[in-house]
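What the coordinates show
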Amino acid sequence: FFGEKVVLLGNFNGEELGEENKDFKVLMRCKPGIEFVRVLVKNHRLVGATLIGDVDLAETFENLLLNQINIASIEDELLREDVDLEDYFD
């Protein structure tokens, strides 16, 4: 996509969550020209993700999604650059 790596995981656009279903969170991090990361979280579980540019988090997010791991303890820090998610989930 415009020369950038793109990874789409799970319900990346939120369509399957439905209009009536408002009990999900959208977490985003954007560094223009470097990366765009958007994560959808419902009931403290990752349900979808979009990564463009730097896609280093793709494998970790895929494992969180497939294993339906409860991320309540780090949900607010999920996209912080100074948090190494692999330390939590390896």
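Cut-offs and rules
- Residues numbered from 1 in each chain as written.
- Predicted model: local features only at pLDDT ≥ 70, side-chain atom pairs only at ≥ 80, totals over all residues.
- Heavy atoms only, no water.
- Helix = DSSP H or I, 4+ residues; strand = E, 2+ residues; numbered from the N terminus.
- Buried < 20%, exposed > 50% of the residue type's maximum accessible area, 1.4 Å probe, protein only.
- Pairing = 2+ DSSP bridges.
- Axes fitted to C-alpha atoms, helices over the stretch in contact; angles between N-to-C directions.
- Contact = heavy atoms within 4.5 Å.
- Arc of directions from axis to C-beta.

With that settled, consider unusual backbone geometry. Phi at His-44 takes a positive value of approximately 65°, unusual for a residue other than glycine. Within the element layout of this structure, His-44 appears in the loop between β3 (35–42) and β4 (45–53). The exposure class assigned to His-44 is partly exposed, which follows from its relative accessible area of 38%. A positive phi angle is found at Gln-68, which is not glycine, with a value near 50°. Looking at the secondary structure, you find Gln-68 in the loop between α1 (58–67) and α2 (85–89). Given a relative accessible area of 35%, Gln-68 falls into the partly exposed group.

On to the sheet that holds β4. Pairing between the strands of a sheet is mediated by backbone hydrogen bonds and can be parallel or antiparallel. Judged by pairing direction, the sheet is antiparallel, and its four strands sit side by side in the order β1-β4-β3-β2 without closing on themselves. The open sheet has two free edges, formed respectively by β1 (6–10) and β2 (24–31), since each of these has just one partner strand. Across the sheet, the mean angle from the axis of one strand to that of its neighbour is 10°, orientation sign disregarded. The sheet contacts of α1 involve β1, β3 and β4, and relative to β4 the element is tilted by about 160°.

Here β4 lies mainly inside the structure; seven of its nine residues are buried. Note that β1 and β4 share five bridges and pair antiparallel. Directly across from Leu-9, in β4, lies its bridge partner Ala-49. Of the pairings in the sheet, the one linking β3 to β4 comprises eight bridges and is antiparallel in character. From the neighbouring strand, Leu-40 faces β4, where its bridge partner is Gly-48. Counting the residues between successive antiparallel strands, the hairpin from β3 to β4 contains two residues, one of them, Asn-43, with a positive phi of roughly 55°.

Take α1 next. Three or more residues of α1 are buried, namely Ala-58, Thr-60, Phe-61, Leu-64 and Leu-65. Here the buried residues of α1 occupy an arc of 165° about the axis, which is enough to place them on one side. Across from the buried face of α1, at angles greater than 90 degrees, the exposed residues are Glu-59, Leu-66 and Asn-67. Directly after α1, the chain includes Gln-68, whose backbone phi takes a positive value near 50°.

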